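So you can see what is in the structure, the chains are spelled out below.
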2 protein chains.
Amino acid sequence: MKCHLTSRAERAQLAMMLEVCAYPKPGNVDRCHDYPDTWLEHFLASTILARPALEEAERGEGRIGEIIRHAVQQTSCHTGGNTHFGAFILLIPLVYGGDIKGAMQVIAKTDVSDAVAFYRAFALTAVRTYPTDAIDINDPKALDTLRDKEMTLLDVMHHSAKNDMVAREWVTGFPLTRHGADLLATFGPGRDAIVRMFVTLLAMEPDTFIIKKQGREVADEVIRKARNVLDGTYTVERFDAECIEKGINPGSIADITIAAIYVALSEGWSWES
Amino acid sequence: MKCHLTSRAERAQLAMMLEVCAYPKPGNVDRCHDYPDTWLEHFLASTILARPALEEAERGEGRIGEIIRHAVQQTSCHTGGNTHFGAFILLIPLVYGGDIKGAMQVIAKTDVSDAVAFYRAFALTAVRTYPTDAIDINDPKALDTLRDKEMTLLDVMHHSAKNDMVAREWVTGFPLTRHGADLLATFGPGRDAIVRMFVTLLAMEPDTFIIKKQGREVADEVIRKARNVLDGTYTVERFDAECIEKGINPGSIADITIAAIYVALSEGWSWES
């Protein structure tokens, strides 16, 4: 973009838009590939409809958990299922705090009310078991348990971090988000850098969404294939086709990719060549 | 969408998003086709960035000409050139007035200040000669001429209607917009209805953007080809490939398609199957 006058909320929306359009993005919805029930248009509708929650975060009013719940509410009126729950978990504190440092300060201030709102947001989605198994979202007593234990939303993320890399970003200072943004800066301007960054992240750590859905072995195989793309012994197109054929969907790294694009845009990286 | 709780501004954004994603849309940018310098992402960035102007229109504050200028300003910070000028000319009064009837009332109230703001918006874009040749936008005296003649924005559109089908929508009560929305209702829910509606509009009247760029003969040939698609003697894929090869871009009917999707969404049509 020539102008860097976009607001934080707009940058978050542009990041969501750029991520879903980036092509070919192995296994995920992109401009040339839909899932049967979740299309490019569903992701883009969410991108548009999340604006009020993102603006709420930008104003720095209200609490993070509640704003995440609003974002999920605003974007759940289509039939495409959950599209951006993980992305909102990262974007809302980033937009609220402005950058990673600010997000960490915001996260440190979460309390039990944020945890309760988060579980309510979670109940609105059909996300594969997200937080700690100890607190089952389908259990009506879950909210009581949160309150009894006085768990903050950060506590919930600590519980979930072992099995969820989005939660891990919260408790470890957004390392993959930071690295993804640095990769974009290194690769230089242009939308093609997004796919290259995405594949590089895939080559680093197993995607926890894949682990939950298909197990560790499949996740490790994705790492190997991503490394083969990086060393030039495999093409990203073949990798994409294979993921689609096997129903492999690196959803958590897609969420982190959105957060990384947001940070990179904030730091002056341009998606235009 | 399951929910019809979207705001007018959001419906306008969804219409812009759905139009550009619809595929295959002969000659225009779609999810599988960019122009060299104008990409899917530029259209979607405009869709996101136009929100404040669309909200201004929804609040019914301020003047139409000025809001069109704001929309153009907000969406001109990328390098993809003008993406939605014609669409804003239709959407801003529709969002301001709520529907076609309301838009006509809004349009009837435009004055010379709207005309001046419109020409200022026009000067921000690289649009192929839009309004009447009598008032050359490159002439610094153009604004004086508007003021001397006390031309309203509706007057400007009357001057332009002969050579511009978007202007013609203003002065004739949005007939193609109305027909496009009716076609969507007839075709039923689902995004595929958008391409069918677009091709049907192409088969009706010559696209004035094509006439300005490539002449009447090319525009008439597009009508014939669109009719062949409708009668099944030509495929939409071949039609698309031919338009792309020849650089034929039915941009004005794309603008009207956006307005028609907005009206259809307002009347309950759903893009989800």
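Here, every reference points to the structure presented above.
Residues numbered from 1 in each chain as written. Chains lettered and ligands numbered in written order. Predicted model: local features only at pLDDT ≥ 70, side-chain atom pairs only at ≥ 80, totals over all residues. Heavy atoms only, no water.

J.: Quick one: what's the story with the pattern of salt bridges, residue by residue and with numbers?
T.: Taken as a whole, this structure holds 42 salt bridges over all chains when the rule is applied. Ionic pairing is found between R31 of chain B and D34 of chain A, a salt bridge with its closest N-O pair at 2.9 Å. One end of the pair, R31 of chain B, is in the loop between α1 (8–21) and α2 (40–49); the other, D34 of chain A, is in the loop between α1 (8–21) and α2 (40–49), on a second chain. Take R31 of chain B and D34 of chain A: they sit in the same class, and that class is buried. Linking R178 of chain A and E267 of chain A is a salt bridge whose minimum nitrogen-to-oxygen distance equals 2.8 Å. On the criterion of sequence distance, the pair formed by R178 of chain A in helix α11 (residues 175–187) and E267 of chain A in the segment after α16 (251–266) is long-range, its members being 89 residues apart. Through salt bridges that share partners, E221, R224, K225, E242 and K246 of chain A make up one connected network. (Salt bridge = Lys/Arg side-chain N within 4 Å of Asp/Glu carboxyl O. Helix = DSSP H or I, 4+ residues; strand = E, 2+ residues; numbered from the N terminus. Buried < 20%, exposed > 50% of the residue type's maximum accessible area, 1.4 Å probe, protein only.)

J.: Explain the interface of chain B and chain A to me, and be specific about the residues and the numbers.
T.: Listed per partner, the contact involves 35 residues of chain B and 35 residues of chain A. Around 3,100 Å² of area is buried between chain B and chain A when both sides are counted, 65% of it from carbon and sulfur atoms. Across the contact surface, chain B and chain A share eight salt bridges. Across the contact surface, chain B and chain A share 14 residue pairs in polar contact (both at pLDDT 80 or more). If you list the elements that add at least two residues to the side of chain B that touches chain A, you get α1, α2 and α3 (51–59) of chain B. For the side of chain B that touches chain A, the element with the most residues is α2 of chain B, which contributes eight residues. Of the residues contributing to the side of chain B that touches chain A, the split by class is 16 nonpolar, 10 polar and nine charged. (Contact = heavy atoms within 4.5 Å. Buried area = accessible area lost by both parts, 1.4 Å probe. Polar contact = N/O pair within 3.5 Å; in protein donor to acceptor, adjacent residues only side chain to side chain. Nonpolar A, V, L, I, M, F, W, Y, C, P; charged D, E, K, R; others polar.)

J.: Lay out the packing of aromatic side chains in plain terms, naming residues and giving numbers.
T.: In the structure shown here, the tally under the stated rule is 12 aromatic pairs over all chains. Judged by centre distance (6.0 Å) and plane angle (45 degrees), the rings of F85 of chain B and F122 of chain B are tilted. Within this pair, whereas F85 of chain B is found in helix α5 (residues 85–97), its partner F122 of chain B is found in helix α7 (residues 112–124), the two being separated by 37 residues in sequence. Residue classification places F85 of chain B among the buried positions, given a relative accessible area of 1%. The class of F122 of chain B is buried, set by a relative accessible area of 4%. Taken together, the ring pairs connect F85, F118, Y119 and F122 of chain A into an aromatic cluster. Across the ring face of W39 of chain A, the terminal group of R191 of chain B is positioned such that the distance to the ring centre comes to 3.8 Å. Looking at R196 of chain B, its charged tip hangs above the ring of F187 of chain B, at a distance of 3.8 Å from the centre. (Phe/Tyr/Trp six-rings, centres within 6.5 Å; stacked < 30°, edge-to-face > 60°. Lys NZ or Arg CZ within 6 Å of the ring centre and 35° of its normal.)

J.: For the packing of α1 of chain B against α2 of chain B, give the residues involved together with the corresponding values.
T.: All names here are of chain B. The N-to-C vectors of α1 and α2 enclose an angle of 175 degrees; their axes lie 9 Å apart at closest approach. With respect to their mutual orientation, α1 and α2 come out roughly antiparallel. When α1 is examined against α2, the residues Q13, M16, M17 and V20 are found in contact with a partner set consisting of L40, F43, L44, S46, T47 and I48. Of the residues in the contact of α1 with α2, the class split is seven nonpolar, three polar and no charged. (Axes fitted to C-alpha atoms, helices over the stretch in contact; angles between N-to-C directions. Parallel < 35°, antiparallel > 145°, perpendicular 65-115°, else oblique.)

J.: Just give me the short version of helix α11 (residues 175–187) of chain B, but keep the residues and values in it.
T.: Residues and elements named next belong to chain B. Relative to the 18 Å expected for 13 residues at 1.5 Å per residue, α11 spans 18 Å between its end C-alpha atoms, a close match to the ideal helical length. For α11, the complete set of buried residues consists of L176, T177, G180, A181, L183 and L184. For α11, the buried positions fall inside an angular range of 155 degrees around the axis, keeping them on one side. α11 presents A185 and T186 as exposed residues on the side facing more than 90 degrees away from its buried surface. Contacts from the buried residues of α11 go to α5, α6 (100–108), α10 (165–172), α12 (192–202) and α16 (251–266). Note on α11: the residue one or two positions beyond its end, G188, has a positive phi of about 90 degrees. (Expected span 1.5 Å × (residues − 1). Arc of directions from axis to C-beta.)

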